[in-house]
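Here is what each chain is made of, one letter per residue.
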Amino acid sequence: MHTTPNTKTQKAKTKTPDFVRVCHRCGGSGRVPCQFCSGTGYVTTRKDRLGMPIKERCTACFGNRLERCYTCGGSGRLHQF
Ligand SMILES: [Zn+2]
Ligand SMILES: [Zn+2]
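Within any chain, residue numbers begin from 1 and follow the written order of that chain's sequence. Following the order in which they are written, the chains are lettered starting with A and the ligands numbered starting with 1. Totals for whole chains, interfaces and linings use every residue, but because this is a predicted model, local features are given only for residues with pLDDT of at least 70 and side-chain atom pairs only at 80 or more, for both listing and counting.

## Regarding the overall build of the protein
Thought 1: Counting secondary structure elements, the protein contains zero helices and six strands.
Thought 2: Segments assigned H or I by DSSP are reported as helices when at least four residues long, segments assigned E as strands when at least two residues long, and all are numbered from the N terminus. Reading the helices (α) and strands (β) of the protein from amino to carboxyl end gives β-β-β-β-β-β.
Thought 3: Any residue with 12 or fewer other C-beta atoms within 10 Å of its own C-beta is exposed, any with 20 or more is buried, and the rest are partly exposed; the C-beta atoms used are placed from the backbone. Going through the 81 residues of the protein one by one, you find that 12% of them count as buried.
Thought 4: Once local pairs closer than 6 in sequence are excluded, the contacts in the protein between residues at least 24 apart make up 60%. Here, residue contact means that the backbone-derived C-beta atoms of the two residues sit within 7 Å.

## Things to note about the nonpolar core
Side chains that are nonpolar tend, in soluble globular proteins, to be buried together.
Thought 1: In this usage, the nonpolar core is the set of buried Ala, Val, Leu, Ile, Met, Phe, Trp, Tyr and Cys residues whose C-beta atoms join them within 7 Å. Cys34, Cys37, Val43, Cys58 and Cys61 form the largest nonpolar core, which has five residues in total.
Thought 2: Apart from the residues lying within four places of it in its own chain, the contact partners of cysteine 34 are Gly39, Cys58, Ala60, Cys61, Arg65, Leu66 and Glu67.

## A few points about the confidence of the model for the protein
Thought 1: For every residue, the predictor reports its confidence as pLDDT, a number between 0 and 100. Per-chain confidence: the protein averages 85 in pLDDT, with 75% of residues scoring 70 or above.
Thought 2: Mean pLDDT per element in the protein: strand β6 (residues 77–79) is the minimum at 88, and strand β2 (residues 31–33) is the maximum at 96.

## As for unusual backbone geometry
Thought 1: Positive phi, close to 60°, is recorded for phenylalanine 62, a residue that is not glycine.
Thought 2: Residue classification places phenylalanine 62 among the exposed residues on the basis of 11 C-beta atoms within 10 Å.
Thought 3: Of note, the phi angle at arginine 65 is positive, near 70°, even though the residue is not glycine.
Thought 4: Considering the arrangement of structural elements, one finds arginine 65 in the loop between β4 (53–57) and β5 (66–68).

## Observations concerning the pairing of β4
Thought 1: By this definition, two strands are paired if DSSP reports at least two bridges between them. Summarising the sheet, strand β3 (residues 42–47) and β4 pair through four bridges and their orientation is antiparallel. Paired with valine 43 across the strands is glutamate 56, a residue of β4.
Thought 2: With antiparallel pairing between neighbouring strands as the criterion, β3 and β4 make up a hairpin whose turn holds five residues, including glycine 51 at a positive phi of roughly 85°.

## Points about the environment of arginine 21
Thought 1: Position of arginine 21 among the secondary structure elements: in strand β1 (residues 20–22).
Thought 2: Expressed as a C-alpha distance, the spacing of arginine 21 and glutamine 80, which sit 59 residues apart in the sequence, is 7.5 Å.

Listed below in C-alpha cells is the structure:
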C-alpha cells in the first residue's frame, strides 16, 4: 500500500532537476482518487427491490479507489521543456 502524505507541500529545495517537477495533482505519488467513484471503490448505479442502492465495485478503478494520475501519466513527475 502506498500512503499519500497529508503534510502540506513545502517549498523545500530539492535535488530534482529543473526540467522535472513533482506533479501538482497527485503530489508525486502518480495516483489520484478515482473520480468515477470519488475514491470509494464502489459505485451505486442500481437499486434493489426495496430501493436501496446496490454497491458495486467501481469499473474504473476496479475497487482500488485510486487511478493513475492522468496529469503526469502515473509517473508523479512533470517534464518541463
Ligand atoms: Zn473508482
Ligand atoms: Zn500526477
